[in-house]
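Listed below, chain by chain, are the residues.
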Amino acid sequence: MVERFFEVNKISFSRDDFPPEGAAHNKALHLTVKCEGYYVKRVMLYGGSGVDICPLSTLQRMEIGTERIRPNNVYVWAFDGIKRDTIGEINLILTIGPVDFEVTFQILDMDTSYNFLLGRPWIHVARVVPSTLHQMVKFEYEN
């Protein structure tokens with residue numbers, strides 16, 4: 001019991017963290033981030049994904065040249081259950097809150113409902129705790 005009073009770096013959520021509609025929602029968790037000087041909405045956090053994904057159309061809207069894409073031999077299973085080859089991968093700097101994160105994205109040329117998908121690779125490296133229930137992420141920053 002005593003050790004509970006001395007816990008540090010503990011991340012938790014409470015009822016105060018609920019969105020305005022409370023727990024009565026069925027929303028996916030989306031963020032707005034800054035990337036390469038652009039604000040990007042509809043950034044989906046999805047712990048069920050083993051890769052971080054950037055649709056080619058997002059790069060094109062941000063005017064990021066395809067010469068930055070490195071070839072690779074990665075394929076993914078899309079939400080529709082179809083196996084898709086990636087175009088390659090790219091490293092981008094995302095600013096989320098006060099922190100910059102370098103993220104290696106797999107590039108797909110397909111229509112998506114998101115502009116970036118942040119999966120387990122980013123969630124684990126950033127040590128982020130996402131909560132779809134509370135519609136927020138929490139992570140350590142300067143203790």
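For the structure itself, look to the data block above.
Keep in mind it's a predicted model, so treat the numbers as computed, not measured. (Residues numbered from 1 in each chain as written. Predicted model: local features only at pLDDT ≥ 70, side-chain atom pairs only at ≥ 80, totals over all residues. Heavy atoms only, no water.)

### Let's talk about the pairing of strand β2 (residues 38-45)
Strand direction decides the pairing type here: strand β1 (residues 29-35) and β2, joined by six bridges, are antiparallel. The residue of β2 that forms the bridge with Leu-29 is Leu-45. In this antiparallel pair of consecutive strands, β1 and β2, the connection spans two residues, and Glu-36 shows a positive phi of 50°. Here β2 runs beside strand β8 (residues 116-118); their pairing, made up of three bridges, is parallel. Note that in β8 the partner of Leu-45 across the bridge is Leu-118. (Pairing = 2+ DSSP bridges. Helix = DSSP H or I, 4+ residues; strand = E, 2+ residues; numbered from the N terminus.)

### A look at unusual backbone geometry
Of note in the backbone geometry, Arg-42 takes a positive phi value of approximately 60° without being a glycine. With respect to the helices and strands, the residue Arg-42 is situated in strand β2. We classify Arg-42 as partly exposed; its relative accessible area is 44%. Of note, Arg-127 is a non-glycine position whose phi angle comes to about 55°, a positive value. Along the chain, Arg-127 falls in the loop between α2 (120-126) and β9 (129-131). Accessibility expressed as a relative area gives 61% for Arg-127, which makes it exposed. (Buried < 20%, exposed > 50% of the residue type's maximum accessible area, 1.4 Å probe, protein only.)

### Section: the nonpolar core
By size, the foremost hydrophobic cluster in this structure holds 30 residues, and its most contacted members are Leu-94, Ile-96, Phe-105, Phe-116, Leu-118 and Trp-122. Breaking this core down by element, the ones donating at least two residues are β1, β2, α1 (56-61), β6 (88-96), β7 (99-108), β8 and α2. (Core = buried A, V, L, I, M, F, W, Y, C linked by side-chain atoms within 4.5 Å.)

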